[in-house]
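Chain by chain, the residues run as shown.
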Amino acid sequence: MRILVTGAGGNIGKGIVPRLHAAGHSLVLSDVNRLPDEPPFADLPFVQCDVQAGFGLEGAAQGCDLLLHLPAWHGIHSRAKTEADFWRLNVDGTFWALQAARAAGIRRLVFLSSQSWHDHYGKYGFTKQVGEELCEYHRRNHGLRYVAIRPADFTPWGDDYLNRYGARLLYGGVDREDVLGYVEAAVEHLGPDLPDGGSPEALIVDAVRPDAFTAEQVRDWEDDHLTACERVFPGSRDLLERYAIDVRRRPSVVAGGEDGPGAAIGYTPTRHFGTFLDDLRRLDATGEPDAVRAITCPY
Ligand SMILES: NC(=O)c1ccc[n+]([C@@H]2O[C@H](COP(=O)([O-])OP(=O)(O)OC[C@H]3O[C@@H](n4cnc5c(N)ncnc54)[C@H](O)[C@@H]3O)[C@@H](O)[C@H]2O)c1
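Every value quoted in this text rests on a predicted model; they were computed, and no experiment measured them.

Visitor: Give a detailed account of the sheet that holds strand 7 (residues 202–207), specifying residues and quantitative values.
Guide: Strand pairing in a sheet relies on backbone hydrogen bonds, with the paired strands running either antiparallel or parallel. Pairing is parallel in the open sheet, where seven strands are placed in the order 3-2-1-4-5-6-7. Sheet topology places strand 3 (46–48) and strand 7 at the edges, where each strand pairs with a single neighbour. The average undirected angle you get between the axes of adjacent strands in this sheet is 15°. Together, strand 1 (2–6), strand 2 (26–31), strand 4 (66–69) and strand 5 (108–112) form the strand contacts of helix 1 (residues 11–22), whose direction differs from that of strand 2 by roughly 165°.

Visitor: For the pairing of strand 7, give the residues involved together with the corresponding values.
Guide: Residues Leu203, Val205 and Ala207 line the buried face of strand 7, whereas the alternating positions Ala202, Ile204 and Asp206 sit on a face that is not buried. With six bridges joining them, strand 6 (residues 145–151) and strand 7 adopt parallel strand pairing. Residue pairing in the sheet places Pro151 in a bridge with Ala207 of strand 7.

Visitor: Report on the site of the ligand, specifying residues and quantitative values.
Guide: Taken together, 27 residues surround the ligand, and among them Ile12, Asp31, Asp50, Leu70 and Tyr124 come closest. The contact in question runs from an oxygen atom of the ligand to an N or O atom on the backbone of Ile12, over 2.8 Å. Contact with the protein chains removes 90% of the 840 Å² of surface that the ligand exposes when unbound. Those elements giving two or more residues to the shell around the ligand turn out to be helix 1 and helix 4 (123–142). Grouping the amino acids of the shell around the ligand by side-chain chemistry returns 13 nonpolar, 10 polar and four charged.

Visitor: Run through helix 4, naming residues and quoting values.
Guide: Given a rise of 1.5 Å per residue, 20 residues ought to cover 28 Å, and the 28 Å separating the end C-alpha atoms of helix 4 matches this to within 8%. Of the residues trailing helix 4, Gly143 is marked for its positive phi of about 70°.

Visitor: Account for the nonpolar core, with residues named and values stated.
Guide: Leu29, Leu68, Val110 and Ile265 are the most contacted members of the largest nonpolar core, which totals 36 residues. Contributing elements (two or more residues each) for this core: strand 1, helix 1, strand 2, strand 4, strand 5, strand 6, helix 6 (176–190) and strand 7. With residues up to four places along the chain from it excluded, the contact list for Val110 reads Leu66, Leu67, Leu68, His69, Val147, Ile149, Ala186, Val187 and Leu190. Listed in part, the 27 residues of the second largest apolar core include Tyr165, Ala167, Leu240 and Tyr243.

Visitor: Run through the packing of aromatic side chains, naming residues and quoting values.
Guide: Taken as a whole and judged by the stated rule, the model has 13 aromatic pairs. Here the aromatic rings of Phe233 and Phe273 are separated by 5.4 Å at their centres, their planes lie at 70°, and the arrangement is edge-to-face. Of the two residues, Phe233 is situated in the loop between helix 7 (225–232) and helix 8 (236–242) and Phe273 in helix 9 (residues 273–284); the sequence distance between them amounts to 40 residues. Each member of the pair, Phe233 together with Phe273, is buried. One aromatic cluster in this structure is built from Trp157, Tyr161, Tyr165, Phe213, Phe233, Phe273 and Phe276. When the ring centre of Trp117 is taken as origin, the NZ or CZ atom of Arg150, which lies over that ring, is 3.6 Å away. The cationic tip of Arg249 hangs over the ring face of Tyr171; the distance from NZ or CZ to the ring centre is 3.9 Å.

Visitor: Describe unusual backbone geometry, naming the residues involved and giving the relevant values.
Guide: The peptide bond linking Pro39 to Pro40 adopts the cis configuration, its omega dihedral lying at 5°. Examined against the element boundaries, Pro40 turns out to sit in the loop between strand 2 and strand 3. With phi around 70°, Asp43 is a residue other than glycine that occupies positive phi space. Checked against the element boundaries, Asp43 lands in the loop between strand 2 and strand 3. For Ala244, which is not glycine, the phi torsion reads 50° and is therefore positive.

What counts and what doesn't
Residues numbered from 1 in each chain as written. Predicted model: local features only at pLDDT ≥ 70, side-chain atom pairs only at ≥ 80, totals over all residues. Heavy atoms only, no water. Pairing = 2+ DSSP bridges. Helix = DSSP H or I, 4+ residues; strand = E, 2+ residues; numbered from the N terminus. Axes fitted to C-alpha atoms, helices over the stretch in contact; angles between N-to-C directions. Contact = heavy atoms within 4.5 Å. Buried < 20%, exposed > 50% of the residue type's maximum accessible area, 1.4 Å probe, protein only. Near = heavy atom within 4 Å. Polar contact = N/O pair within 3.5 Å; in protein donor to acceptor, adjacent residues only side chain to side chain. Areas by Shrake-Rupley, 256 points an atom, 1.4 Å probe, with all protein chains shown as cover. Nonpolar A, V, L, I, M, F, W, Y, C, P; charged D, E, K, R; others polar. Expected span 1.5 Å × (residues − 1). Core = buried A, V, L, I, M, F, W, Y, C linked by side-chain atoms within 4.5 Å. Phe/Tyr/Trp six-rings, centres within 6.5 Å; stacked < 30°, edge-to-face > 60°. Lys NZ or Arg CZ within 6 Å of the ring centre and 35° of its normal.

Just distances and angles here, no functional claims.
Written as structure tokens, this is what we have:
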């Protein structure tokens, strides 16, 4: 397919562009900022455009089969950006991108929503609620098939591999590679043409980590978190103590349905706190704990 990627220079953009390229798709990139003339962006068509402005994307959308719409202010911008900022980028920007897609005859959309959608009337969550409604409006009125992906938190974790990456996987986090997996699977899911007639498809997908435990297994977690964690993840106690990983709070259990959260698009997430502990164990075996503590986020 020929895919228009808006907000291509951001966190998801940098990760998904090489994946879609490698999968054989032809890409048209867009962002408000210029993209570096280096991999993964070098030599790909690029249109610099502010999606809030209401013009500029129509030409880029011509000849495309699918829109992957990424730009938004999100959780980390909550303090710095106003309600009006959130509305302009997340709502107006989405409306204009979908209008450009409509005008170009694009019938497929992957929209990045968020788990913050559940905070319906929060500054951020509200704009994702309206964003999903804009997808639905364009489905009903303009035949746009879409997958709205609602990722959990995958913001870069800076220099705190152990708690911001690792422990986050017990609570509200998801590994970025899994988010990219969900997005790529959504694109592929929409690929095949559907027979004429019938209602265009709409899917909402929670891009969350898999659960490595049941609610029952973690019920008494806060009575003695080290013992509870050892029971679920044998061998964890030593690592938690050596690296001061804070898991005192009871882990959240993800409601992913019987077949898992990505079943509707055929994606199975693979990273959770247990896989983090496996990685940490391998790193620890090198005998350089200070080097492990100094690991920084690669994206
Ligand atoms: N990062 C997370 O943890 C997280 C979690 C859940 C959902 N999401 C959603 O995923 C999507 C992508 O997130 P990300 O982490 O890649 O974001 P990001 O902030 O890293 O990237 C956003 C991109 O959009 C571009 N952009 C900003 N304003 C623009 C404008 N006016 N016109 C055109 N482009 C503009 C930016 O230059 C940037 O390249 C967002 O919709 C976000 O709400 C992110």
